[in-house]
Amino acid sequence: MAILHIIANHLDADAISKLVDRSDVNDGYAFMDDGVYVLLSKAVTSFGPRPVYVLADHADERGLLGFKDISVQLIQMPDLVGLTASYAASMSW
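Here we summarise the structure given alongside this text.

Scoring rules and cut-offs
- Here the residue numbering is sequential within each chain, running from 1 through the sequence in written order.
- In view of the model being predicted, local features appear only for residues whose pLDDT reaches at least 70, and side-chain atom pairs are presented and counted only at 80 or more, with totals across whole chains, interfaces and linings using the full set of residues.
- Only heavy atoms go into the side-chain values, all of them from the structure, while hydrogens and water stay out.
- Salt bridge, as applied in this entry: a Lys or Arg side-chain nitrogen positioned within 4 Å of an Asp or Glu carboxyl oxygen.
- The helix and strand labels rest on DSSP assignments: H or I over at least four residues marks a helix, E over at least two residues marks a strand, and numbering proceeds from the N terminus.
- The buried label applies to any residue whose accessible area, calculated with a 1.4 Å probe on protein chains only, is under 20% of its type's maximum; exposed applies above 50%, and partly exposed to all values in between.
- Residues belong to a common nonpolar core when they are buried Ala, Val, Leu, Ile, Met, Phe, Trp, Tyr or Cys residues joined through side-chain atoms within 4.5 Å.
- Whether two residues touch is decided by their heavy atoms; if any such pair falls within 4.5 Å, the residues are in contact.

## Topic: the pattern of salt bridges
Right, on to step 1. The tally for this structure, following the rule as stated, stands at three salt bridges.
Right, on to step 2. Its salt-bridge partner being Lys-18, residue Asp-14 comes within 3.4 Å of it at the nearest N-O pair. Remark: Lys-18 and Asp-14 occur in helix α1 (residues 13-21); sequence separation between them is four residues, near one turn of the helix.
Right, on to step 3. By relative accessible area, Asp-14 is classed as partly exposed at 48%.
Right, on to step 4. Among the charged side chains, a network of salt bridges with common partners joins Asp-34, Glu-61 and Arg-62.

## Quick notes on the nonpolar core
As a rule of thumb, soluble globular proteins bury nonpolar side chains together.
Right, on to step 1. In terms of nonpolar packing, the biggest core is built from 17 residues, with Tyr-29, Phe-31, Phe-47, Val-52 and Val-54 touching the most fellow members.
Right, on to step 2. At three residues, the largest contribution of residues to this core is made by α1.
Right, on to step 3. Residue contacts for Phe-31: discarding those within four places in its chain leaves Ile-7, Val-36, Val-38, Phe-47, Val-52, Tyr-53, Val-54 and Leu-55.
Right, on to step 4. Counting residues in hydrophobic clusters, the runner-up holds ten residues, among them Ile-6, Ala-30, Tyr-53 and Leu-83.

And the structure:
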């Protein structure tokens, strides 16, 4: 059962690593609010082929759009709503 992990808080590299280790390869990750600071971390590559989404407006408000990683998909709030419907479950962090 794939889970969409919605992260609204800034996670350091160690916390991101633990999150990835404890989740399934089919899970997805959506970063919003201060969670978008993941764009500043090289730890974003630890997600591997798993989908990583970042709310574009939240990244823009924090001046982070220039840090977009190729493996990150920028989304809008309606996209996040659609993602929550497409995953079997969601979990907020």
